[in-house]
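Geometric and topological summary
Listed below are the residues making up each chain.
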Amino acid sequence: MSAALPRSKRLELAGWGRHPVQTCEVYRPERFEDLEAIVQRAPQRDLTARGLGRSYGDASLNDRGAVILTERLNRLLAFDPETGLLHCEASVSLAEILDHFLKRGFFFPVTPGTKFITVGGAIAADVHGKNHHHSGSMAAWLQDFRLLTADGRVLECSREKHSEIFWASIGGMGLTGVILDAHIRLQRVETAYMNTEHEQVRDLDALLERSSDGDAHYAYSVAWIDCLHRGRGLGRAVLLRANHAAVSDLPTRLQSRPLELPRKASPNLPFALPSAALSRPAMRAFNEAYYRLHRSRSFVSDCRSYFYPLDSVRNWNRAYGRRGVIQYQCLFPTARARSGLIRVLEQVSASGLGAFLTVLKGMGPASGGLLSFPFEGQTLSLDLPWSGPGLKTLVADLDRTVLEHDGRVYLAKDSCLGPEGFREMYPHAEAFERVCAEVDPGQRFASSLARRVGLVGPA
């Protein structure tokens, strides 16, 4: 006997940026049979799977449709300590993996700026980290996964089996089906600590030169940029680089327990900050303080402090106020990166709006995912507090700059891109649509993002 269709609830949802907010019909399955029943019998026309909701825009929203909260399907299934191969359900989070396996000498090999994302979300966005130039994206460490399709089939997808669906699902933003579980190779480490280096850099040209020089020596590299600095100091930055530390690198007091992390309090931001906290003078003061506090030095830090500084404050996205934030992440090919970055930084600075947080990373080769974001070049991320129509105008201008420089924006963070821009930025979109037409001809899986960029029809 098939499982009963779980009850749904109408809720207002948002991504991590808290903009936009949309009303969705929400289901929360407790087991696979519940998920199967939802996919087969939910009365809503289309469905979106949502993990921990850490994509910024509307990728995990489904306005006037249904959203499946998969967070309870999060079992660890098997682990081989000889090879580091982990088998887990798709809603296991990176935080859970680190809690279980860091103390055994294994680290998640590709991690974004938060550990509170799911394995399924990491596959669907083909996430990259500070080590993309060295280790690639999620695809490089993924062996295979099982996919629940719109017609109820469960497909085993890998580079050898259903390979077209495999490469459409990696970076496919959940539009091929619901990822059920996956085999992922973890990275072996000696300690839970990092050999970290901070370096103050005077401008963008110096930053690009120092980043390029260090790529062969540092597995992880990212730069914070003062986006409000103009003129000769455009692109003033702090370069933050690191490698995993060996036991011999640690202070004597840590060498007896090298895989244990120090306990730290995790304060909660209980309410949204007032808009005055995000004013241009406040941002300028923050940027100046950040630059001066991060003086050039080398030291040993725990891995949480290097990879996840914002995760140390629960609900830190409330710092952007009630109206939320757009995180705009663009990528320029190496040959056109300098001119593209200069133009974007000048546009943001001249707009008077400013970005609360701006980071730059070098990227390595593309993975092969049809809608995967990364390719070799430089990627810039800007947190732009939502301010209404003026911000949409700025983002449209930034999109034009990105297109003029043969770049693209990251779908997992995007909130504004239209169909024409999407097609220019993602040349494999038609190939992706052909795969979706075979695996989901009725467009059972959709999202607000997919409708906005024209991958599926209107609700």
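Anything mentioned here points back to the structure above.
Description of the structure in this document. Everything numeric in this text was worked out from a predicted model, so none of it was measured.

Quick notes on the rules
- Residues numbered from 1 in each chain as written.
- Predicted model: local features only at pLDDT ≥ 70, side-chain atom pairs only at ≥ 80, totals over all residues.
- Heavy atoms only, no water.
- Helix = DSSP H or I, 4+ residues; strand = E, 2+ residues; numbered from the N terminus.
- Rg over C-alpha atoms; globule rule 2.2 N^0.38 Å.
- Buried < 20%, exposed > 50% of the residue type's maximum accessible area, 1.4 Å probe, protein only.
- Areas by Shrake-Rupley, 256 points an atom, 1.4 Å probe, with all protein chains shown as cover.
- Lys, Arg positive; Asp, Glu negative; His and termini not counted.
- Charge placed at Lys NZ, Arg CZ, Asp CG, Glu CD.
- Contact = heavy atoms within 4.5 Å.
- Polar contact = N/O pair within 3.5 Å; in protein donor to acceptor, adjacent residues only side chain to side chain.
- Axes fitted to C-alpha atoms, helices over the stretch in contact; angles between N-to-C directions.
- Parallel < 35°, antiparallel > 145°, perpendicular 65-115°, else oblique.
- Left-handed = near helix turned anticlockwise from the far one by under 90°.
- Nonpolar A, V, L, I, M, F, W, Y, C, P; charged D, E, K, R; others polar.
- Disulfide = S-S within 2.5 Å.
- Salt bridge = Lys/Arg side-chain N within 4 Å of Asp/Glu carboxyl O.
- 1 Å grid on protein atoms, 1.4 Å probe; cavity = no way out; pocket = protein on both sides within 12 Å on 5 of 7 lines; lining within 4 Å.
- Points joined across faces, edges and corners; volume = space filled by probe spheres on them.
- Pairing = 2+ DSSP bridges.
- Phe/Tyr/Trp six-rings, centres within 6.5 Å; stacked < 30°, edge-to-face > 60°.
- Lys NZ or Arg CZ within 6 Å of the ring centre and 35° of its normal.
- Expected span 1.5 Å × (residues − 1).
- Bend = angle between axes of the 7 residues up to and from the residue.

Attention shifts here to the overall build of the protein chain. On a plain count of helices and strands, the protein chain comes out with 13 helices and 19 strands. For a compact globule of 459 residues, the expected C-alpha radius of gyration is about 23 Å, and the protein chain comes in at 22 Å, within 12% of that figure. In terms of overall dimensions, the protein chain has a C-alpha envelope of 65 × 55 × 45 Å along the principal axes. For the protein chain, the proportion of its 459 residues judged to be buried stands at 58%. With the model as given, the accessible surface of the protein chain reaches about 19,600 Å², and the carbon-plus-sulfur share is 50%. Measuring between centres, the 56 positive side-chain charges of the protein chain sit 7 Å from its 50 negative side-chain charges.

Within the secondary structure, D311 is located in the loop between α8 (303-307) and β16 (325-333). We classify D311 as buried; its relative accessible area is 8%. Along the backbone, D311 and F116 are 195 residues apart, and their C-alpha atoms lie at a distance of 8.1 Å. Beyond its immediate sequence surroundings of up to four residues, D311 is in contact with R54, G113, T114, K115, F116, S266 and W316. Reaching out from D311, the side chain makes a polar contact with the backbone nitrogen of K115 at a distance of 2.8 Å.

This part takes up the packing of helix α6 (residues 204-214) against helix α9 (residues 334-351). Describing two packed helices takes the angle between their axes plus the distance from one axis to the other. At a minimum axis distance of 11 Å, the contact between α6 and α9 shows a crossing angle of 140 degrees. Considered as vectors, α6 and α9 are oriented oblique to each other. Crossing hand, α6 versus α9: right-handed. Contact residues: α6 offers L204, D205 and L208, while α9 offers R338, L341 and I342. Split into classes, the residues belonging to the contact of α6 with α9 amount to 4 nonpolar, no polar and 2 charged.

The next point concerns the state of the cysteines. For the structure on display, the rule yields 0 disulfides. The thiol of C88 is unpaired, and the distance to the nearest cysteine sulfur, on C157, comes to 16 Å. Under the relative-accessibility criterion, C88 is labelled buried at 0%. There is no disulfide at C227, and the cysteine sulfur nearest it, in C330, is 12 Å away. On the basis of relative accessibility, which here comes to 1%, the residue C227 falls in the buried class.

In the structure shown here, the tally under the stated rule is 26 salt bridges. D414 is the salt-bridge partner of R452, the closest N and O atoms lying 2.6 Å from each other. One end of the pair, R452, is in helix α13 (residues 448-452); the other, D414, is in the loop between β19 (408-409) and α11 (419-425), with 38 residues separating them in the sequence. There is no split in this pair, since R452 and D414 are both buried. Through salt bridges with shared partners, a single network forms among E197, E199, R210 and R241.

This part is about the layout of surface pockets. Taken as a whole, the second largest pocket encloses approximately 620 Å³ of empty space. For the lining of the second largest pocket, the leading source of residues is α8, giving 3 residues.

What follows concerns the packing of α9 against helix α10 (residues 389-404). Between α9 and α10, the shortest axis-to-axis distance is 10 Å and the interhelical angle comes to 170 degrees. As summarised for this structure, α9 and α10 are arranged roughly antiparallel, according to the angle between their axes. Where α9 approaches α10, its residues R336, G340, R343, V344, Q347, V348 and S351 are matched on the opposing element by L394, D397, L398, T401 and E404. For the contact of α9 with α10, the class distribution of residues is 4 nonpolar, 4 polar and 4 charged.

Taken in spatial order, the 4 strands line up as β1-β2-β4-β3 in an open sheet, and their pairing is mixed. The sheet terminates laterally at β1 (9-14) and β3 (47-50), the two strands that pair on one side only. Ignoring which end each strand starts from, the neighbouring axes of this sheet average 45 degrees apart. Inspection of the sheet shows β3 paired to strand β4 (residues 66-69) by 4 bridges, in the parallel sense. In the strand pairing of β4, L47 is matched with A66. Sheet strands in contact with helix α1 (residues 32-41) are β2 (21-27), β3 and β4, and its direction is about 170 degrees off that of β4.

Here the focus is the packing of aromatic side chains. One pass over the full model with this rule turns up 15 aromatic pairs. Through a chain of ring-to-ring contacts, three or more aromatic side chains come together here, namely F107, Y220, Y306, F307 and Y308. The aromatic ring of W16 is capped on one face by R54, whose charged end is 3.6 Å from the ring centroid. Taking NZ or CZ as reference, R236 lies 4.1 Å from the ring centre of Y291, over its face.

Glancing now at α9. Helical periodicity: at 3.6 residues per turn, an α-helix aligns residues three or four positions apart in one direction. Its 18 residues give α9 an end-to-end C-alpha distance of 26 Å, which sits within 8% of 26 Å, the value for a rise of 1.5 Å per residue. Of all the bends in α9, the greatest measures close to 25 degrees and is centred on G340. Considered for burial, the residues of α9 that qualify are A337, G340, L341, I342, V344, L345, Q347, V348 and S349. At the C-terminal side of α9, G352 shows a positive phi close to 80 degrees.

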